[in-house]
Amino acid sequence: MQQSLFEPGMIVKHPQRDDWGLGQVQSSVGGKVTVNFQNAGKVVIDEHRVPLTVVSLS
């Protein structure tokens, strides 16, 4: 299994959902990244299908 690029605490943006605001990575397991976005709450994202943009490492 490939190591995830995302770690808890990272601040990210969804490339197609600016309205969600910034999100903080909660966990990353098996290619599924759980992110708590400012305006969308907790969302589970498949990191292989959605190229999240890292804004800050912690």
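Scroll up to find the structure.
Asker: Would you mind showing me how to read the overall build of the protein here?
Answerer: The number of helices and strands found in the protein is zero helices and five strands. Taking 10 Å as the expected radius of gyration for a compact globule of 58 residues, we find that the protein reaches 10 Å, a close match to that expectation. Over its C-alpha atoms, taken along the principal directions, the protein stretches across nearly 30 × 25 × 15 Å. Per-residue burial for the protein yields a buried fraction of 36% across its 58 residues. Contacts in the protein between residues at least 24 apart in sequence constitute 30% of all its contacts with a sequence separation of at least 6. Carbon and sulfur atoms provide 48% of the accessible area of the protein, an area that totals close to 3900 Å². Of the charged side chains in the protein, 5 are positive and 5 negative; the average position of the first set lies 5 Å away from that of the second.

Asker: Explain the sheet that holds strand E5 (residues 53–56) here, please?
Answerer: In a beta sheet, neighbouring strands pair by backbone hydrogen bonds and run either parallel or antiparallel. Read across the open sheet, the five strands follow the order E4-E3-E2-E1-E5; overall the sheet is antiparallel. Both outer strands of the open sheet, strand E4 (41–46) and E5, are each paired with one neighbouring strand and no more. Averaged over all pairs of adjacent strands, the angle between their axes in this sheet comes to 40°, without regard to strand direction. Note that strand E2 (residues 23–29) and strand E3 (residues 32–37) share six bridges and pair antiparallel. Paired with Ser-28 across the bridge in E3 is Val-33.

Asker: Could you clarify how one ought to interpret the pattern of salt bridges in this entry?
Answerer: Side-chain pairs of opposite charge can arise where the charged atoms are in close proximity. Under the counting rule described, the total for this entry stands at two salt bridges. Residue Asp-19 pairs with Arg-17 through a salt bridge whose shortest N-O separation is 3.0 Å. On the basis of relative accessibility, which here comes to 46%, the residue Asp-19 falls in the partly exposed class. Since its relative accessible area comes to 33%, Arg-17 is described here as partly exposed. Measuring nitrogen to oxygen at the nearest pair gives 3.5 Å for the salt bridge that ties Asp-46 to Lys-32. Within this pair, whereas Asp-46 is found in strand E4, its partner Lys-32 is found in strand E3, the two being separated by 14 residues in sequence.

What counts as what
- Residues numbered from 1 in each chain as written.
- Predicted model: local features only at pLDDT ≥ 70, side-chain atom pairs only at ≥ 80, totals over all residues.
- Heavy atoms only, no water.
- Helix = DSSP H or I, 4+ residues; strand = E, 2+ residues; numbered from the N terminus.
- Rg over C-alpha atoms; globule rule 2.2 N^0.38 Å.
- Buried < 20%, exposed > 50% of the residue type's maximum accessible area, 1.4 Å probe, protein only.
- Contact = heavy atoms within 4.5 Å.
- Areas by Shrake-Rupley, 256 points an atom, 1.4 Å probe, with all protein chains shown as cover.
- Lys, Arg positive; Asp, Glu negative; His and termini not counted.
- Charge placed at Lys NZ, Arg CZ, Asp CG, Glu CD.
- Pairing = 2+ DSSP bridges.
- Axes fitted to C-alpha atoms, helices over the stretch in contact; angles between N-to-C directions.
- Salt bridge = Lys/Arg side-chain N within 4 Å of Asp/Glu carboxyl O.

Honestly, it's all geometry; don't read function into it.
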